Amino acid sequence: MTATAPENGTARTAILTVDDDPGVSRAVARDLRRRYGQEHRIVRAESGDSALEALRQMKLRGELVAVILADYRMPQMNGIEFLEHAMDIYPAARRILLTAYADTGAAIDAINVVDLDHYLLKPWDPPEEKLYPVVDALLDAWLGSDHRPVPETKVVGHRWSARCSQVREFLARNQVPYRWYNSDEPEGQRLLRAAGVLTDDSGDTNGASGPESSVPLRLPVVVTPDGDALVEPADAELAAKVGLATTPSKDFYDLIVIGGGPAGLGAAVYGASEGLRTVLVERTATGGQAGQSSRIENYLGFPDGVSGAQLTDRARRQAAKFGAEVLTTRDVIGLDINGSARTVRFADGTAIDAHTVILATGVSYRQLRAPGLDDLTGRGVYYGSALTEATACRDQDVYIVGGANSAGQAAVYLSRQAKSVTLLVRSPSLEQSMSYYLVQQIEQIPSISVRTCTEVIEAHGEGHLESLTLRNTANGASEIVPAQFLFLFIGGAPLTDWLADVVVRDPRGFVVAGPDLSIEGERPRGWQLDRQPYHLETSVPGVFVAGDARAESAKRVASAVGEGAMAVMLVHRYLERL
Ligand SMILES: Cc1cc2nc3c(=O)[nH]c(=O)nc-3n(C[C@H](O)[C@H](O)[C@H](O)COP(=O)(O)OP(=O)(O)OC[C@H]3O[C@@H](n4cnc5c(N)ncnc54)[C@H](O)[C@@H]3O)c2cc1C
């Protein structure tokens, strides 16, 4: 197979020709190139198989194919069989069969079999009379319909697959634009065939394949803009493919920041901008909880509000601009004290060292314990994720559990798409837990209703959420309501068990720092320095905590950012005395 390289990296619409006779193949390509080579990419193949492989690759790269010319008499796969397979990949491409006079009967049959647009008798000389008018007409017809290329990352998956939902969330939170294709729909199936995941043995092309079919598909498949197909990729593989750093460049730093939410990003910006060799380590995607907020209205300097993703993406770029290394998909599982070095251990067994560490690990959503919820998580039940799933909620009845601002923001955001949004709140009123401005907004949106004194006691569904059992906490009455989507915003818990033997934590797992460590003026147990811990310093000198992970913290974006910046100032003070 030979192909004219795209100019300036931009893929032009292709015309593909396949003929097993190299001389004829070259002659067709030469004539096509002479007339169409400026505006189109001419791709030439010498067998049906290699032409199909070329089409698959082009499909994965998101390239367009306008016209396909196939010779009828090819040994392994004749032109009609080839065009039939090609239709599965590029159904809209116009099809021409090249035939000898003796084969016109077969060509006429092909009009029905593969919906042939034209057959051309060999030889086609002079092309000005026999070839170009045909191709011109087919190109015109093709251009008349909408075939915009999809240059961004494509995700093919099943609507109700938990892993597919996680991958979409991962890409969205890392600001990677992608387009979603349902594996049950024709274009999704075409991409799966091009990626080699779906074959004729693994399901038919009418939606019988997928998680429910007898041969389970390996989903999701993520197709990068370069045309690489990643089958069931892990987060780390995805991160590397989409250009996110995952490996530290050094063994030793001045400052390791653990956690990429507002506090960690704040620390990375100030640390790097003030000359510290800084690395930020994030387990999933930078942004933290704030990255999931549809609109932060109380952050200084944004009178019209700002989406959490926008704010934290800017912060990530700002940190990188100042030279901070930002690693994603790296889970920190241990912190060791080795003399004056602080060693941070990763889940894969590797480690890095630094003079100082800032813990900015925030909080994670608390899980709601009710029968059915665990099985249906990612299949209609979501913790957070309101931003990623919003489009799927169009015209659906959506339920949200939670009475705090995060639940209120999600209700306002989802009400733009959903048929109805019901906010389920355990307490007797919203005002107790939600900001006044949000309560006001919610009251003015007719599609949002609030059910107070209500809790979810069971979730039901085969493969995905179908209904919920709700219980009125005031009178004990329960009822089953149909529901396709349930979003849970029930507050967070710090996941700090890995720090249990290292720093002092409060009974709920939040890290205690500064003056809170002193009991009746005494220094914390094991503290050997002749000074008190600095304000955000933990019970281990040189290890600081900022943001929501800190005991008694404010649980706000602004305070998290502020603490990140302040922790860096204290890092300098610590380093001066080292
Ligand atoms: C939906 C929603 C809406 C909100 N809206 C507002 C609002 O409008 N205004 C407001 O002021 N506040 C709002 N908040 C609260 C605000 O987002 C948080 O207070 C803030 O994000 C806390 O920042 P943080 O950096 O301390 O922690 P987090 O944002 O929780 O970030 C912690 C990060 O650390 C990472 N991490 C944790 N453990 C590890 C580990 N072991 N290894 C590596 N990485 C780890 C996590 O993956 C996470 O990315 C909202 C919260 C939510 C959930």
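To start, this report covers the structure provided alongside it. Numbers given to residues run from 1 along each chain, matching the order in which its sequence is written. Two thresholds apply to this predicted model, a pLDDT of at least 70 for residue-level local features and 80 or more for giving and counting side-chain atom pairs, whereas whole-chain, interface and lining totals are computed over all residues. Working from all heavy atoms in the structure, the side-chain values ignore hydrogens and water.

The interhelical angle for the contact between helix 1 (residues 22–36) and helix 6 (residues 132–143), taken along N-to-C directions, is 60 degrees, at an axis separation of 11 Å. Taken together, the axes of helix 1 and helix 6 lie oblique to each other. Seen from above, helix 1 lies across helix 6 with right-handed handedness. Residues Asp31, Leu32, Arg34, Arg35 and Tyr36 of helix 1 form the contact with helix 6, whose participating residues are Tyr132, Val135, Asp136 and Leu139. Working convention: axes come from line fits to C-alpha atoms, limited for helices to the stretch in contact. Angles between N-to-C directions cover 0 to 180 degrees. The secondary structure listing takes helices from DSSP runs of H or I that are at least 4 residues long and strands from runs of E that are at least 2 residues long, numbered from the N terminus. Each angle is binned into one of four classes, with values under 35 degrees roughly parallel, values over 145 roughly antiparallel, values of 65 to 115 roughly perpendicular, and all other values oblique. Crossings are assigned a handedness: left-handed for a near helix turned anticlockwise from the far helix by less than a right angle, right-handed for a clockwise turn. When checking whether two residues touch, look at their non-hydrogen atoms; a contact exists if any pair is within 4.5 Å.

A few words now on the sheet that holds strand 8 (residues 178–182). Across the sheet, 4 strands lie side by side as 8-7-9-10; this open sheet has mixed pairing. In this open sheet, the two edge strands, each paired with only one partner strand, are strand 8 and strand 10 (229–231). When strand polarity is set aside, the average angle formed by the axes of neighbouring strands in this sheet is 20 degrees. DSSP calls a pair of strands paired once it identifies at least 2 bridges connecting them.

So, on to the site of the ligand. Taken together, 36 residues form the shell around the ligand, and within it Ala263, Glu282, Gln289, Gln409 and Asp548 come nearest. In the environment of the ligand, a nitrogen atom lies 3.5 Å from a nitrogen or oxygen atom belonging to the side chain of Asp331. Contact between the ligand and Val332: a nitrogen atom at 3.0 Å from a main-chain N or O atom of the residue. Per-residue accessibility takes into account occlusion by the displayed protein chains alone, with areas from the Shrake-Rupley method and a 1.4 Å probe. Relative to its unbound accessible area of 1000 Å², the ligand is 95% covered by the protein chains. Elements with a contribution of two residues or more to the shell around the ligand: helix 10 (262–273), helix 14 (405–414) and helix 16 (557–576). In this classification, the charged set is Asp, Glu, Lys and Arg, the nonpolar set is Ala, Val, Leu, Ile, Met, Phe, Trp, Tyr, Cys and Pro, and all remaining amino acids, among them Gly, are polar. Of the residues in the shell around the ligand, the class split is 15 nonpolar, 14 polar and 7 charged. Proximity is defined per residue: if any heavy atom of the residue lies within 4 Å of a molecule or strand, that residue is considered near it. A 3.5 Å cut-off defines polar contacts: any pair of N or O atoms within that distance qualifies, except that in protein one atom must be a possible hydrogen donor and the other a possible acceptor, and neighbouring residues in sequence count only when both atoms are side-chain atoms.

It is worth spelling out the nonpolar core at this point. Nonpolar side chains tend toward joint burial in soluble globular proteins. By convention a nonpolar core is built from buried Ala, Val, Leu, Ile, Met, Phe, Trp, Tyr and Cys residues, the set being connected through side-chain atoms within 4.5 Å. Whether a residue is buried, partly exposed or exposed follows from its accessible area with a 1.4 Å probe, protein chains only, as a fraction of its type maximum: under 20%, in between, or over 50%, in that order. If you look at the biggest cluster of nonpolar residues, it comprises 29 residues, and the most contacted ones within it are Leu16, Leu55, Met58, Ile68, Phe82 and Leu97. Contributions of two or more residues to this core are made by strand 2 (14–18), strand 3 (41–45), helix 2 (48–60), strand 4 (65–71), helix 3 (79–89) and helix 4 (104–113). The residues contacting Leu16, other than those within four sequence positions of it, are Val43, Ala51, Ala54, Leu55, Met58, Val67, Ile68, Leu69 and Phe82. Residues Ala263, Ala267, Ala324 and Tyr574 belong to the second largest nonpolar core, which totals 26 residues.

This next bit is on the packing of aromatic side chains. Each Phe, Tyr or Trp ring (for Trp, its six-membered ring) is paired with any other whose centre lies within 6.5 Å, and the angle between the two planes then decides the class: stacked below 30 degrees, edge-to-face above 60, tilted in between. With the rule as written, the count across this model stands at 8 aromatic pairs. Taking the centre distance of 6.3 Å and the plane angle of 20 degrees together, the rings of Tyr382 and Phe485 count as stacked. Of this pair, Tyr382 sits in strand 18 (residues 381–383) while Phe485 is found in strand 25 (residues 485–488), placing the two residues 103 residues apart along the sequence. We classify Tyr382 as buried; its relative accessible area is 2%. Overall, the relative accessible area of 1% leaves Phe485 in the buried class.

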